[in-house]
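In case you want the letters, here they are:
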Amino acid sequence: MVLLNAIFENSNKFYFEGEIIRIKLEVNLEKSSILNNVIANFVGLGTYLGNAEDKENKTMTAESKIKPKNTTEIYFDDVLPIFLCENKESAMWSKGTQVFMFAYQLPHNVPSSIESTQGFVRYSVNLSVDIDGVTVKKTEHFTLLAKTDVSTNENAHLPGIIWEPENEWCIILSVFCKGNRVRTFLHISKQGYVPGECLFINAEITNLHRCPVEWVKATLVQFIKFCGSKSLVEKRNVAEITRGCILPRDTQTWKSESVLIPAIPPTTKNRKRIISVKYKLLFHYKPSWRKKPVELSHKIFVGTVRLSQCKLPNKRGEGEGLSNSEVFNGPNLEPCVFGPHSIDVDVFVIYKQA
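Residues numbered from 1 in each chain as written. Predicted model: local features only at pLDDT ≥ 70, side-chain atom pairs only at ≥ 80, totals over all residues. Heavy atoms only, no water.

Applied cut-off: UniProt positions are given in the numbering used here, feature names are shortened, and annotations may be inferred rather than shown by experiment.
In the annotation of an unreviewed UniProt entry, the entry for the protein reads Arrestin domain-containing protein, putative, and the organism field reads Pediculus humanus subsp. corporis. Quoted verbatim from the Sequence similarities (unreviewed entry) field of UniProt, the annotation for the protein is "Belongs to the arrestin family."

Now the structure itself:
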């Protein structure tokens, strides 16, 4: 019996695009054996599984029923020969643990890992060892994150309070009509964030109706779009805060209410990918006189590299209950959460994609 044990230098198995993966492969032999070759195959692919509802649709006839096909996008498929036996006499390995150390540099411009019910983006290394004419295989998955600089998004900086609706530096969402009779103002300091940061919300919700507003929520929503035989969008709530009832003729004020950005993949810049990700902040409330809640939304850009500097508008407004702009220290070009590791590559076999 042969046991394979792959030990990653980064025990969390989190890597950024372009980073080098170092792995120590242990091959445990129970007896002296002929070791012919050791091969590592690094694979990155995205797969859209198709609409499960279409597969189970029994109302369609056998002739007209079209089964959705899995759509796959391959980002890289590289084979790294770690050990190749050229001399049969030297192929005999003694009993015990044999160690092979190797490294691989991940390519650039690849999407981040993500898992969903309708598809996934996965990265793995497939290890193959040929011993005594028998091939032993083992697969290890790892997580890859794209280096996404928040500063590259033109709308990422939103400091200050601007009351003019036409000013692009402020988010002011307002709903006021006879049927609704709820006035809402929402302000956030910026649109670009990285995991681990807090999104601060300042808002004023005034209920001008004779009936109460049951609840108010702020939700960070992840939208996963799959582009295959049919386009499909999956929605997930990744963070949320809730506040209670607003009585008639009363006002609810939010002062720097924080929403923590969790460990989530960044916004996808290349929308032509088979799987793309984007985020929105939904600010919604439920009037007691309406069947459905009222939703206000705005796009949020999530990256892995913080804002390098803060762009300030020419004019700054003032308003009670709303915080001033937040100034960020910069530049900071290191990716957040899981930064790249310093690697000594002298003793490792390096395979770099051409």
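**Re the pattern of salt bridges**
The condition is simple: One speaks of a salt bridge when a side-chain nitrogen belonging to Lys or Arg is within 4 Å of a carboxyl oxygen belonging to Asp or Glu. Each helix corresponds to a stretch of at least 4 residues labelled H or I by DSSP, and each strand to a stretch of at least 2 residues labelled E; elements are numbered beginning at the N terminus. The buried label goes to any residue with under 20% of its type's maximum accessible area, the exposed label to any with over 50%, and the partly exposed label to all in between, with areas taken from a 1.4 Å probe on protein chains only.
Across all of its chains, the model carries ten salt bridges by this definition. Lys 13 serves as the salt-bridge partner of Glu 140, at 2.8 Å between the closest nitrogen and oxygen. With a gap of 127 residues between them, Glu 140 in strand 10 (residues 134-145) and Lys 13 in the loop between strand 1 (2-8) and strand 2 (14-16) connect regions that are remote in the sequence. Residue classification places Glu 140 among the buried positions, given a relative accessible area of 11%.

**Some points on the sheet that holds strand 13 (residues 198-207)**
Sheets are built from strands that pair by backbone hydrogen bonding, the pairs being arranged parallel or antiparallel. How we decide: Strands pair, by our definition, only if DSSP identifies at least two bridges between them. Helix axes are fitted only over the stretch in contact, all axes being lines through C-alpha atoms; the angle between N-to-C directions runs from 0 to 180 degrees.
Taken together, the three strands give an open sheet; going across it, the order is 11-13-16, and neighbouring strands pair in antiparallel fashion. Two strands bound the open sheet, and with one partner strand each, they are strand 11 (182-188) and strand 16 (250-260). With direction set aside, neighbouring strand axes in the sheet form an average angle of 15 degrees. Summarising the sheet, strand 13 and strand 16 pair through nine bridges and their orientation is antiparallel.

**Details of the nonpolar core**
This is how the line gets drawn: Think of a nonpolar core as a cluster: buried Ala, Val, Leu, Ile, Met, Phe, Trp, Tyr and Cys residues, connected wherever their side-chain atoms sit within 4.5 Å. Residue ranges assigned to the domains are those given by an automatic or database domain assignment.
Judged by nonpolar contacts, the single largest core of 64 residues is most densely connected at Phe 42 and Ile 201. Residue assignment places this core across two domains, with domain 1 (3-52 + 68-145) and domain 2 (150-167 + 179-302) each supplying three or more. Counting residues in hydrophobic clusters, the runner-up holds five residues, among them Val 150, Ala 156, Val 194 and Phe 301.

**Focus: the packing of aromatic side chains**
Note the threshold: For Phe, Tyr and Trp, rings pair up if their centres lie within 6.5 Å, where Trp contributes its six-membered ring, and each pair is then called stacked (planes under 30 degrees apart), edge-to-face (over 60) or tilted (otherwise). In this scheme, Lys NZ or Arg CZ marks a charge over a ring once it lies within 6 Å of the ring centre and within 35 degrees of the ring normal.
Under the definition given, this model contains 14 aromatic pairs. Taking 6.0 Å as the distance between ring centres and 90 degrees as the angle between the ring planes, the aromatic pair formed by Tyr 15 and Phe 142 counts as edge-to-face. Note that Tyr 15 is positioned in strand 2 and Phe 142 in strand 10, a separation of 127 residues in sequence. As far as the burial class goes, Tyr 15 and Phe 142 line up, both buried. Every member of this aromatic cluster is reached through a ring pair, and the members are Phe 8, Tyr 15, Phe 42, Tyr 75, Phe 76, Phe 102, Tyr 104, Tyr 123 and Phe 142. Above the plane of the ring of Trp 254 lies Arg 243, whose end atom (NZ or CZ) is 5.7 Å from the centre. Here the guanidinium or amino end of Lys 280 rests over the ring plane of Phe 223, the centre of that ring lying 5.7 Å away.

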